[in-house]
Amino acid sequence: SKSSDFVIASSNAVGNDFRKFLRIKKSKIKIINEGVDLRKFSLKKNYKKNLSLPKEYLFYPAQFWKHKNHIALINFIKKFNEKNKNSLNLVLAGKKKSFFFEVMKKMKEIKLQKIKYIGEISIDELISTYINSKFVIVPSLHESSSLVILEAIALKKIVIASNIKPFQEMSKVFKINIYNLKNYRNFEKVILKLKNTSANKLRKYSDYNYKKLKSYSWDVIAQKYIDL
């Protein structure tokens, strides 16, 4: 990185980490956000609910790395379902990476039928599962940014995300429902608020986010690389 002409960060939070930990000059760091393929992630196609899924569910598509924070999310879902009559369903999808068996062990221990792992799915199945979800949730412990958030917004879904710096940064552009990843009560408050928000108001949020997404289109982001 020190021998390079530029170092590209996908968020200001990551750019600050480059300066702090790698001691790279600010002038050398260029911020170029991740881009989403709006032709692929589009509501124009007729994606049917072709997987055996609950009527309403939170969707979390992520590879099973430890920093994806599956276990903490599962614990929060369990606690929410114990305290509230309006139980939550959680659908997980993603590759079986290094933390997969730990997550499966946890699911087996708590014996909660409201959580379902649907495996590594195709792009069409991914889009279908996004579209048919109630909300999309991203509880990560750390990220550079989040393509999941952008994909969800492209498909006009309401997003819930942990309060890490890159997500807080994205929330200045989009209407994202941020919760404190270490605080169950805050998580519960966010979920209950969304559940009690009218469909019309939620639609206004998703429409607002979709309009803002144009600057995150892959075509726009790709041009930034070309210009650089």
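Residues numbered from 1 in each chain as written. Predicted model: local features only at pLDDT ≥ 70, side-chain atom pairs only at ≥ 80, totals over all residues. Heavy atoms only, no water.

Whenever I open this one, the pattern of salt bridges confuses me. Can you help?
Two side chains carrying opposite charge are able to pair once their charged atoms lie near each other. Taken as a whole and assessed by the stated rule, the structure comprises 6 salt bridges. For Arg 39, the salt bridge identified is with Asp 219, shortest N-O distance 3.0 Å. One end of the pair, Arg 39, is in the loop between strand S2 (29-31) and strand S3 (58-61); the other, Asp 219, is in helix H9 (residues 218-227), with 180 residues separating them in the sequence. Among the residues examined, Arg 39 registers a relative accessible area of 59% and is labelled exposed. (Salt bridge = Lys/Arg side-chain N within 4 Å of Asp/Glu carboxyl O. Helix = DSSP H or I, 4+ residues; strand = E, 2+ residues; numbered from the N terminus. Buried < 20%, exposed > 50% of the residue type's maximum accessible area, 1.4 Å probe, protein only.)

In this structure, what is going on with the sheet that holds strand S8 (residues 177-179)? I would like to understand it.
Hydrogen bonds between backbone groups are what pair the strands of a sheet, and the pairing can be parallel or antiparallel. An order of S5-S4-S3-S6-S7-S8 is seen for the 6 strands of this open sheet, with the pairing classed as parallel. Two strands in the sheet have a free side with no partner beyond their single neighbour: strand S5 (115-117) and S8. Neighbouring strand axes in the sheet, compared pairwise and without regard to direction, differ in orientation by 25° on average. By the bridge criterion, 3 bridges tie strand S4 (residues 90-93) to S5 in an arrangement that is parallel. Residue Val 91 lies in a different strand from S5, and its bridge partner there is Lys 116. (Pairing = 2+ DSSP bridges. Axes fitted to C-alpha atoms, helices over the stretch in contact; angles between N-to-C directions.)

Quick question: what am I supposed to make of the layout of surface pockets here?
Here the idea is plain: a probe the size of a water molecule rolls over the atoms and shows the empty space left. Estimates place the volume of the largest pocket at around 600 Å³. Along the wall of the largest pocket there are 29 residues; nearest its centre are Pro 61, Gln 63, Leu 126, Val 148 and Glu 151. Considered class by class, the residues forming the lining of the largest pocket number 13 nonpolar, 8 polar and 8 charged. Considered as a void within the structure, the second largest pocket measures approximately 230 Å³ in volume. In terms of lining residues, the second largest pocket is bounded by Ala 13, Val 14, Asn 16, Asp 17, Leu 141, His 142, Glu 143, Ser 144, Ile 164, Lys 165 and Pro 166. Among the secondary structure elements, those contributing two or more residues to the lining of the second largest pocket are helix H1 (12-22) and helix H6 (165-170). Broken down by element, the lining of the second largest pocket gets its largest block of residues, 4 residues, from H1. For the lining of the second largest pocket, the class distribution of residues is 5 nonpolar, 3 polar and 3 charged. (1 Å grid on protein atoms, 1.4 Å probe; cavity = no way out; pocket = protein on both sides within 12 Å on 5 of 7 lines; lining within 4 Å. Points joined across faces, edges and corners; volume = space filled by probe spheres on them. Nonpolar A, V, L, I, M, F, W, Y, C, P; charged D, E, K, R; others polar.)

Looking at this structure, how should I read the pairing of strand S7 (residues 159-162)?
Consecutive residues of a regular strand have side chains that alternate between opposite faces of the sheet. Residues of S7 alternate between two faces, with Val 159 and Ala 161 on one and Ile 160 and Ser 162 on the opposite face, all of them buried. Two strands pair when backbone bridges link them, and strand S6 (residues 135-138) and S7 are joined in this way by 3 bridges, in the parallel orientation. If you follow Ile 137 over to S7, its bridge partner there is Ile 160. Chirality of the crossover, the property in question, places the unit of S6, helix H5 (residues 147-154) and S7 among those that are right-handed. Inspection of the sheet shows S7 paired to S8 by 3 bridges, in the parallel sense. Paired with Ala 161 across the two strands is Ile 178, which belongs to S8. As for the winding sense of the linkage, the β-α-β connection from S7 through H6 to S8 is right-handed. (Right-handed = clockwise from strand over helix to strand, strands pointing away.)

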